[in-house]
Amino acid sequence: MSFICELVETSPSIQQQVIAGRGFLVISHLLGRSSRRHLTLELLQTFLKLTKYLVTCPSNNTDLLLKQLLDHCLFNPALWIHTPAAVQIKLYSYLATEFLSDTQIYSNVRRVSTVLQTMHTLKYYYWITNPKELTGITPKGTEGPRPSREDIVSIRSYMLLFVKKLVMIGNGVKEDELQSILNFLTTVQEDDNLHDVLQMLMSLMCDHPSTLVPAFDAKGGVRCVFKMLSSDSQMIRLQSLKLLGFFLSRSTHK
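### Points about the side chain of Thr46
Along the chain, Thr46 turns up in helix H4 (residues 41–56). A distance of 3.0 Å separates a polar atom in the side chain of Thr46 from the backbone oxygen of Glu42. Setting aside anything within four residues of it in sequence, one finds Thr46 in contact with Met1, Ser2 and Cys5.

### Let's talk about the pattern of salt bridges
Between side chains of opposite charge, pairing is possible as soon as their charged atoms come close. For the structure on display, the rule yields seven salt bridges. Of the charged contacts, one joins Lys49 and Glu9 as a salt bridge, the two residues approaching to 3.1 Å between their closest N and O atoms. One end of the pair, Lys49, is in helix H4; the other, Glu9, is in helix H1 (residues 2–10), and 40 residues separate them in sequence. A salt bridge links Glu98 to Lys52, with the shortest nitrogen-to-oxygen separation between them at 3.3 Å. Highlighted residues: Glu98 in helix H7 (residues 85–102) and Lys52 in helix H4, separated in sequence by 46 residues.

### Things to note about the nonpolar core
Counting residues in hydrophobic clusters, the biggest one holds 76 residues, and the most contacted among them are Phe47, Tyr126, Leu185, Leu201 and Phe216. For Phe216, the residues in contact, after removing those within four places along its chain, are Leu178, Leu182, Leu201, Met205, Gly221, Val222, Val225, Leu243 and Phe247.

### Structural notes on the side chain of Thr118
Secondary-structure assignment places Thr118 in helix H8 (residues 108–124). For Thr118, a relative accessible area of 9% corresponds to the buried category. Among all residues touching Thr118, those that are not within four sequence positions of it are Met159, Phe162 and Val163.

### With respect to empty space enclosed by the protein
Counted by the stated rule, this structure contains one cavity of 30 Å³ or more. In terms of lining residues, the largest cavity is bounded by Phe75, Pro77, Tyr92, Thr114, Gln117, Thr118, Thr121, Met159 and Phe162. Secondary-structure elements contributing two or more residues to the lining of the largest cavity are H8 and helix H9 (149–167). Sort the elements by how many residues they give to the lining of the largest cavity and H8 lands first, with four residues. Tallied by class, the residues present in the lining of the largest cavity amount to five nonpolar, four polar and no charged.

### Observations regarding helix H14 (residues 234–249)
In this model H14 runs 22 Å from its N-terminal to its C-terminal C-alpha over 16 residues, within 8% of the 22 Å that 1.5 Å per residue would give. Restricting attention to buried positions, one finds in H14 the residues Ile236, Gln239, Ser240, Leu243, Leu244 and Phe247. Buried positions in H14, seen along its axis, are confined to an arc of 140 degrees and lie on one side of it. Within H14, the exposed residues directed more than 90 degrees away from the buried face are Gln234, Lys242, Leu248 and Ser249. On its buried face, H14 is in contact with helix H11 (191–207), helix H12 (209–218) and helix H13 (221–228).

### Points about the environment of Ile155
Relative to the assigned elements, Ile155 resides in helix H9. On the accessibility criterion, Ile155 (0% relative accessible area) is buried. Excluding anything up to four places from it in sequence, Ile155 contacts Gln88, Ile89, Tyr92, Tyr126 and Pro147.

### Some details on the packing of helix H10 (residues 175–187) against H12
Look at H10 against H12: their axes get within 10 Å of each other, and the N-to-C directions meet at 65 degrees. Relative to H12, the element H10 is oriented roughly perpendicular. For the pair H10 and H12, the crossing hand works out as right-handed. Of the residues in H12, those touching H10 at Glu175, Leu178 and Leu182 are Leu212, Ala215, Phe216 and Ala218.

Analysis parameters
- Residues numbered from 1 in each chain as written.
- Predicted model: local features only at pLDDT ≥ 70, side-chain atom pairs only at ≥ 80, totals over all residues.
- Heavy atoms only, no water.
- Helix = DSSP H or I, 4+ residues; strand = E, 2+ residues; numbered from the N terminus.
- Polar contact = N/O pair within 3.5 Å; in protein donor to acceptor, adjacent residues only side chain to side chain.
- Contact = heavy atoms within 4.5 Å.
- Salt bridge = Lys/Arg side-chain N within 4 Å of Asp/Glu carboxyl O.
- Core = buried A, V, L, I, M, F, W, Y, C linked by side-chain atoms within 4.5 Å.
- Buried < 20%, exposed > 50% of the residue type's maximum accessible area, 1.4 Å probe, protein only.
- 1 Å grid on protein atoms, 1.4 Å probe; cavity = no way out; pocket = protein on both sides within 12 Å on 5 of 7 lines; lining within 4 Å.
- Points joined across faces, edges and corners; volume = space filled by probe spheres on them.
- Nonpolar A, V, L, I, M, F, W, Y, C, P; charged D, E, K, R; others polar.
- Expected span 1.5 Å × (residues − 1).
- Arc of directions from axis to C-beta.
- Axes fitted to C-alpha atoms, helices over the stretch in contact; angles between N-to-C directions.
- Parallel < 35°, antiparallel > 145°, perpendicular 65-115°, else oblique.
- Left-handed = near helix turned anticlockwise from the far one by under 90°.

Encoded structure:
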């Protein structure tokens, strides 16, 4: 894999062949079918090294390669969920910190799709409490070893930091991005799986009221608040009231 990535870095003709042959889709498929022992920290470092090259040397080829690498490898939770926790923490900490400071790939359309994808990954793969009974969804990532509860909490914190930074790029949050967060809070029933996402939304509302308040109003966010006020958890109810308070205090008279 290291050899292939070096070829991609050094040869425009190889770059074009990888794009035409959807090379990273093939690599992802082969890694998914092979033994999990191949999904190591060294492999991740190889992917991250290539990612850093692609985001710092922009061209038509590198933009397309980066999109393929992200979609099929780095943003593919099924590939990483059973790897050691240190590998997953490294991946999501990189995305939440170095990656967003480097890349210019995120147009509005790209941003929205990435937020939706990350919220889906949180819901189906990186749950703290199994959502099958209460939320009524079939959880993914149950076919092998998973990170411990503490590691899942840590990974989720990086994923939510990634989402928070992503939605504030440019002119602030888009309504579809907020809708995906509200959909998560409305449909997920386990308090453990709600707490950190609700905290992130509160932080966004407090830090960026000029874009969050109109979007929250347009998407009927108050309905989501009332849903969470029925929670058995006092913490969830208190946070929901704080969110409502932030919204009302920064709203217009309308």
